[in-house]
Amino acid sequence: MKDAKTRVAIIGGGPAGLMLSHILGVNGIANVVLERQSMAYVASRIRAGVLEYGTAELLKEYGLADRMLREGKAKNGALIVWENRPDFFIDLKKWTGKQMWAWGQTNIQEDLHDMLTASGAKMVHEADEVALRDVTGNPSVTYVKDGIQHRLSCDFICGCDGFHGPSRQAIPRDVRREFERVYPFGWLGILVERPPLENFTYAYHSDGMAMAAQRNPMLSRYYVQAPITDRIEDWSDDRFWEALLRRFPNDLASQVQTGPSIEKSMAPLRSFVSEPLRWGKLFLAGDAGHIVPPTGAKGLNLAFSDVFYLSRALCTHYLEGSDHYLDCYSEMALRRIWASENISWRLTKMLHIFPDDDPFDQRMRESDYDLLLGSEAAQKALAYEYLGLPFED
Ligand code: APR
Ligand code: PHB
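What counts and what doesn't
- Here the residue index of a chain counts from 1 through its sequence in written order.
- Chain letters and ligand numbers both follow the written order, the letters beginning at A and the numbers at 1.
- The model is predicted, so local features are restricted to residues of pLDDT at least 70 and side-chain atom pairs to those at 80 or more, both for listing and for counting; the totals for chains, interfaces and linings are taken over all residues.
- Calculation of side-chain values draws on the structure's entire complement of heavy atoms; hydrogens and water are dropped beforehand.
- Helix and strand definitions here come from DSSP, where helices need a minimum of 4 consecutive H or I residues and strands a minimum of 2 consecutive E residues; each element is numbered from the N-terminal end.
- Values of the radius of gyration come from C-alpha atoms, whereas the globule rule sets the reference at 2.2 Å times the count of residues to the power 0.38.
- Only protein chains enter the accessibility calculation, which uses a 1.4 Å probe. A residue is then buried if its area is under 20% of the maximum for its type, exposed if over 50%, and partly exposed in between.
- Contacts are assigned to residue pairs that have any heavy atoms within 4.5 Å of one another.
- To be near a molecule or strand, a residue needs just one of its heavy atoms within 4 Å of it.
- The term polar contact refers here to a pair of N or O atoms within 3.5 Å; inside protein, the definition further demands a hydrogen-donor-capable atom paired with an acceptor-capable atom, and it admits residues adjacent in sequence only when both atoms are side-chain atoms.
- Each accessible area is a Shrake-Rupley estimate made with a 1.4 Å probe; only the visible protein chains count as cover when residues are assessed.
- For this classification, the nonpolar set comprises Ala, Val, Leu, Ile, Met, Phe, Trp, Tyr, Cys and Pro, the charged set comprises Asp, Glu, Lys and Arg, and every other residue, Gly included, is treated as polar.
- In this description, strands pair whenever DSSP reports at least two bridges between them.
- Among the buried residues, those of types Ala, Val, Leu, Ile, Met, Phe, Trp, Tyr and Cys that are joined through side-chain atoms within 4.5 Å form a nonpolar core.

### Focus on the overall build of the protein
Thinking step 1. On a plain count of helices and strands, the protein comes out with 12 helices and 21 strands.
Thinking step 2. Taken against the 2.2 N^0.38 rule, which gives 21 Å for 393 residues, the C-alpha radius of gyration of the protein at 21 Å falls within 12% of a compact globule.
Thinking step 3. For the protein, the C-alpha atoms occupy an extent of roughly 65 × 40 × 40 Å along the three principal directions.
Thinking step 4. Relative to its full complement of 393 residues, the protein shows a buried share of 53%.
Thinking step 5. Summarising the internal contacts of the protein: among those between residues at least 6 apart in sequence, 71% fall at separations of at least 24.

Now the structure itself:
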């Protein structure tokens, strides 16, 4: 057994784990990231590409926004289109005076990795059998690397290991309270090397939702709602384009530049929150503690707001000797998490076809959209939520 010591052990090297490591590093707080996968694997995962205002500001504050400012696109809002009803633009600029950014999570992951490598941060990739020990006493994390057993003793463990990681399971079953909705459909997504539509666009259609997203001037991402039981092989490119174009109004469909897909995948939709986010010396952040369906693109943004709260709590502990923010981390992070769960759930309900819905549900959905079309108060509320709530002091 090889023994080592650090202040903060971070399990998981996704965006949450790496951002936390970076902020702690900048503040001189020793930490180690333990990641089960290889760097190449982590870097290749394709995820959403909408950054809330607060996420973009956090990247700027920590020197990670150069490429976003150069190659990403500031956006004034997003478009909703609806079969046989007028279009609606979620006008962030008008209602909040702020913008969001079109910038892919894959790029952020790359920049974080480069930044951490350059600063000599400690990251262990391909760490097997990661296990959390004595999280309410003298915490440590054990793991196997290249066949050798290691023990990393620490003051705190931050579980940033996604939905399937071991950290959440280290909180006793009778302490944890889990809230969940699993949706009876998935998002079938493709990447295509063609110029994207101008706006992120969500389309409601009686066949199911469709969506247009963007990565860069020559890379587009499109999605269609599909039964979760469908296999990728069921969806040829031709079938995908036909479904997508039918769900978009003609004027927009005629602007979509189709082409061969360079990636195709099916994502299940789930809403999930585990409370509390703290147990002894263990803190959960990102997908380890909660999942949102992709409608609204809150996943990465929530991971970053958790990291903001958690890094502030750890910095205040080490640099100012106060545990105030550590003690309220779970409660404060959960307030924002529930707000994002709420908007993600409402947008998902409004924009998708649910197989078991009856005509009453359908009228409710239409009435939600009509309220948005007709009420400035509803428009302002949605803009505020889509932009992302401010972080609490
Ligand atoms: N040991 C070490 N690392 C692990 C383990 C384990 N046993 N289990 C999982 N991990 C790693 C995963 O390999 C992954 O790289 O934890 C990391 C978690 O990363 P993400 O799943 O990307 O989660 P997070 O960093 O919270 O980012 C949330 O990513 O999943 C999207 O939609 C989500 O955009 C959101 C964001
Ligand atoms: C994406 O960029 O892939 C994306 C954008 C907005 C969403 C979901 C996904 O709501």
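Moving on from the model shown.
### Topic: the site of ligand 2
Thinking step 1. What surrounds ligand 2 is a group of 14 residues, the closest being Gly49, Tyr202, Arg215, Tyr223 and Pro294.
Thinking step 2. A distance of 3.1 Å separates an oxygen atom of ligand 2 from a polar backbone atom of Gly296.
Thinking step 3. In the complex, the protein chains occlude 99% of the 280 Å² of accessible area that ligand 2 would expose alone.
Thinking step 4. No other element matches strand β16 (residues 210–216), which puts three residues into the shell around ligand 2.
Thinking step 5. Tallied by class, the residues present in the shell around ligand 2 amount to 10 nonpolar, three polar and one charged.

### Here we look at unusual backbone geometry
Thinking step 1. For the peptide bond that leads from Glu275 to Pro276, omega is -5°, which places it in the cis range.
Thinking step 2. Located in the positive-phi region is Glu129, a residue other than glycine, with phi close to 50°.
Thinking step 3. Relative to the elements of secondary structure, Glu129 occurs in strand β10 (residues 128–133).
Thinking step 4. On the accessibility criterion, Glu129 (62% relative accessible area) is exposed.

### As for the sheet that holds strand β5 (residues 73–75)
Thinking step 1. Taken in spatial order, the three strands of this open sheet run β4-β8-β5, and their pairing is antiparallel. Because the sheet does not close on itself, it has two edges, and the strands there are β4 (50–51) and β5.

### Points about the nonpolar core
Here is a general trend for soluble globular proteins: nonpolar side chains tend to be buried in one another's company.
Thinking step 1. Judged by nonpolar contacts, the single largest core of 67 residues is most densely connected at Met19 and Leu59.
Thinking step 2. Per-element accounting of this core gives the leading share, 12 residues, to helix α9 (residues 299–320).
Thinking step 3. Residues contacting Leu59, with those up to four places away along its chain left out, are Met19, Leu51, Leu64, Ala65, Met68, Ile108 and Phe304.
Thinking step 4. With 34 residues, the next largest nonpolar core counts Ala78, Ile80, Met350 and Phe354 among its residues.

### Brief notes about the site of ligand 1
Thinking step 1. Lining the immediate environment of ligand 1, one finds 23 residues, of which Glu35, Arg45, Gln105, Asp287 and Leu300 sit closest.
Thinking step 2. Glu35 is positioned such that a nitrogen or oxygen atom in its side chain is 2.6 Å from an oxygen atom of ligand 1.
Thinking step 3. Here Arg47 contributes a side-chain N or O atom positioned 3.0 Å from an oxygen atom of ligand 1.
Thinking step 4. For ligand 1, whose unbound accessible area comes to 700 Å², protein coverage reaches 87%.
Thinking step 5. Among the secondary structure elements, those contributing two or more residues to the shell around ligand 1 are α1 (15–26) and α9.
Thinking step 6. By residue number, the principal contributor to the shell around ligand 1 is α9, which donates three residues.
Thinking step 7. In terms of residue class, the shell around ligand 1 is made up of nine nonpolar, eight polar and six charged.

### Examining the environment of Ile10
Thinking step 1. Within the fold, Ile10 resides in strand β2 (residues 8–11).
Thinking step 2. Under the relative-accessibility criterion, Ile10 is labelled buried at 0%.
Thinking step 3. Taking the C-alpha atoms as reference points, Ile10 and Gly63, 53 residues apart in sequence, are found 21 Å from one another.
Thinking step 4. Those residues in contact with Ile10 that lie beyond four places of it in its chain are Gly17, Leu20, Ser21, Leu24, Asn31, Val32, Val33, Leu34, Cys158 and Cys160.

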